[in-house]
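# Residue-level structure breakdown
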Amino acid sequence: MDISLVGSINIDLVYRVPYVVNNGETLHSTSHSVHFGGKGANQAVAASQLGANVHFIGKVGNDDFGDQALNNLKDKGVYIDSVQKEGATGQAIIQVTETGDNAIVLFPGANFLVTPKQIEEEADIISSSKALLLQLEVPLDTVEKAVEIAAQHGKIVILNPAPSQKLPDSLLKNVTFLTPNETELAQMTGIETTTEEDIRAACSLLLDKGVGTVVVTLGSKGSFYMNHEESGWVQASKVDAVDTTGAGDAFNGAFAVGLCRGNSLRSSIEFATKIAAFVVTQMGAQPLIPHSLLE
Ligand code: RIB
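Everything numeric in this text was worked out from a predicted model, so none of it was measured. The residue numbering used here restarts from 1 in each chain and proceeds along that chain's sequence as written. Confidence filtering applies because this is a predicted model: local features only for residues at pLDDT of at least 70, side-chain atom pairs given and counted only at 80 or more, and all residues used for totals across whole chains, interfaces and linings. Hydrogens and water are ignored here; the side-chain numbers use all heavy atoms of the structure.

### A word on the packing of aromatic side chains
Pairs were defined over the aromatic rings of Phe, Tyr and Trp, the Trp ring being its six-membered one, requiring ring centres within 6.5 Å. Orientation was assigned from the angle between planes: stacked under 30 degrees, edge-to-face over 60, tilted for the rest. If you walk through the whole model with that rule in mind, you get three aromatic pairs. Judged by centre distance (5.4 Å) and plane angle (90°), the rings of F177 and F255 are edge-to-face. Here F255 lies in helix α9 (residues 247-260) and F177 lies in strand β10 (residues 177-178), a separation of 78 residues in the sequence. By relative accessible area, which is 0% here, F255 ends up buried. A ring pair is formed by F251 and F255, whose centres lie 6.1 Å apart and whose planes are at 25°; its orientation type is stacked. With F251 and F255 both in helix α9 and four residues apart, the pair spans about one turn of that helix. A run of H or I in DSSP counts as a helix once it spans at least four residues, and a run of E counts as a strand once it spans at least two, with each numbered from the N terminus. Only protein chains enter the area calculation, which uses a 1.4 Å probe; residues under 20% of their type maximum are buried, those over 50% are exposed, and those in between are partly exposed.

Here it is, written out as structure tokens:
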């Protein structure tokens, strides 16, 4: 079960705050902690903990943060031979409120130095994996190159379009599973996503562009999936949220593992939902997943 992953690696500087700071305001945080993060790294670590061989293609900086982030990935069983060093490691300044919600400022650093050329050099990794997992914290032309290679070799392509941006039809037509949250779905399609009817309309638009299946994550409301054959809802479990950072990433990592195991779409989403629900009960985006949840 091999997954290739093209994505970001960050160090997360996390501040617990009573509420997200307002424009022009200075706000005391009640605690501060440093965690390993980056949507790519979070998804890789989740998938690796769940038993996948994850081959990471990305970049960290030529700095202490870069060394720490690489050691962390290695410790978590992620293959890092295709992670290069250049510039400064990406960072995320994260405010986490008392309700567990967050607001994030990103410094992309080395993540924005992952080029299509680097992807071409690692084409063998993509063509020999079962699935390719990506997000949008590396440049779009890099994502496009990786998806093009995966599509040429008939691989499963799972694109988590976060942070959201408009995506070209030439990319969407090669995406097997697109996994936006409701805000990203609205931003990508220009369709409000407040009612189920809206969500269906937005998903239809993406399916018409050639996406295989859309899986929309809606936090405590669960998730909605749709393709040309089926659609449905998967309920989220009720949990006390401590920190929602990385919940979407854990969902994507686990979803990829479910699909690579050959599980059905619905059961892969149910598995991903269970893992994401655990992650929101912990601080940081890469908590250790307990053995009881691994199956
Ligand atoms: O999805 C959460 C992640 O977004 C954080 O770990 C942060 O690094 C940003 O990339």
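Further notes follow.
### A look at the site of the ligand
Put simply, a residue is near a molecule or strand once any heavy atom of it comes within 4 Å of that molecule or strand. Neighbouring the ligand are 14 residues, the closest being D12, G38, K39, E137 and D249. Whenever two N or O atoms come within 3.5 Å, that pair is a polar contact, provided that in protein one can donate a hydrogen and the other can accept it, and provided that, for residues adjacent in sequence, both atoms are side-chain atoms. In the environment of the ligand, an oxygen atom lies 3.0 Å from a nitrogen or oxygen atom belonging to the side chain of N42. Separating an oxygen atom of the ligand from a side-chain N or O atom of E137 is a distance of 2.7 Å. Out of a free accessible area of 280 Å², the ligand has 96% covered by protein chains. Definitions used throughout: a 1 Å grid over protein atoms alone; a cavity as a set of points that fits a 1.4 Å probe which cannot get out; a pocket as an open set with protein on both sides within 12 Å along at least five of seven lines; a lining residue as one with an atom within 4 Å of a point. For this analysis, a molecule is said to be in a pocket or cavity if more than half of its atoms are within 2 Å of the grid points defining it. Judged by its atoms lying within 2 Å of the grid points, the ligand is housed in the largest pocket. Per-residue accessibility takes into account occlusion by the displayed protein chains alone, with areas from the Shrake-Rupley method and a 1.4 Å probe.

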